Amino acid sequence: LSALEHGRRGRPTWDMLQRIIGYLQVIWDDAEELERLARLSDPRVVVDTAKLPPKCTLVANELAERIAFLDDRTLDAILEAMVEGSGHETRRKLTRRERLVRDRRRKLAGSNVKNS
């Protein structure tokens, strides 16, 4: 986990994430957040601007060139502008297997609350 935190490993696989969630007995709300963060944790990002306007290519290249030198305040401002400017948060469509595990986790969490 430490290597993942510090960007020395690639994004964790879905299977690995499920094993970690199961081992640590993470509740489903937190597990979904952990899955979302894992999707955003790839340290080697590729941005394909081939079918986008030239300004998108410019922004991607400028960001790639300067990101190592940006302070936290600037990074926060960029993130905020991107979320506000897009009008929505990007969410990947879950696979069938991921939906089944999520639904099973929710069902188990519901039965644990009733049995308490």
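Residues numbered from 1 in each chain as written. Predicted model: local features only at pLDDT ≥ 70, side-chain atom pairs only at ≥ 80, totals over all residues. Heavy atoms only, no water.

Some details on the pattern of salt bridges
Applying the stated criterion across every chain yields a total of two salt bridges. R36 is the partner of E33 in a salt bridge, and the nearest nitrogen-oxygen pair spans 2.9 Å. Within this pair, E33 and its partner R36 are both found in helix 3 (residues 28-39), separated by three residues, close to a single helical turn. A residue is classified by how much of its surface remains accessible, and E33, at 35% relative accessible area, is partly exposed. Between R66 and E62 there is a salt bridge; the shortest N-O distance is 2.6 Å. Of this pair, R66 and E62 both sit in helix 4 (residues 54-66), four residues apart, which is roughly one turn of that helix. (Salt bridge = Lys/Arg side-chain N within 4 Å of Asp/Glu carboxyl O. Helix = DSSP H or I, 4+ residues; strand = E, 2+ residues; numbered from the N terminus. Buried < 20%, exposed > 50% of the residue type's maximum accessible area, 1.4 Å probe, protein only.)

Some remarks on unusual backbone geometry
Residues other than glycine seldom take positive phi values, yet Q25 does so here, at roughly 55°. Following the sequence through the fold, Q25 ends up in the loop between helix 2 (14-24) and helix 3.

Observations concerning the confidence of the model for the chain
Summarising the model, the chain shows a mean pLDDT of 79, and 78% of its residues fall at 70 or more. Across the chain, the element-wise mean pLDDT spans from 60 in helix 1 (residues 2-5) up to 93 in helix 4. (pLDDT = per-residue confidence, 0-100.)

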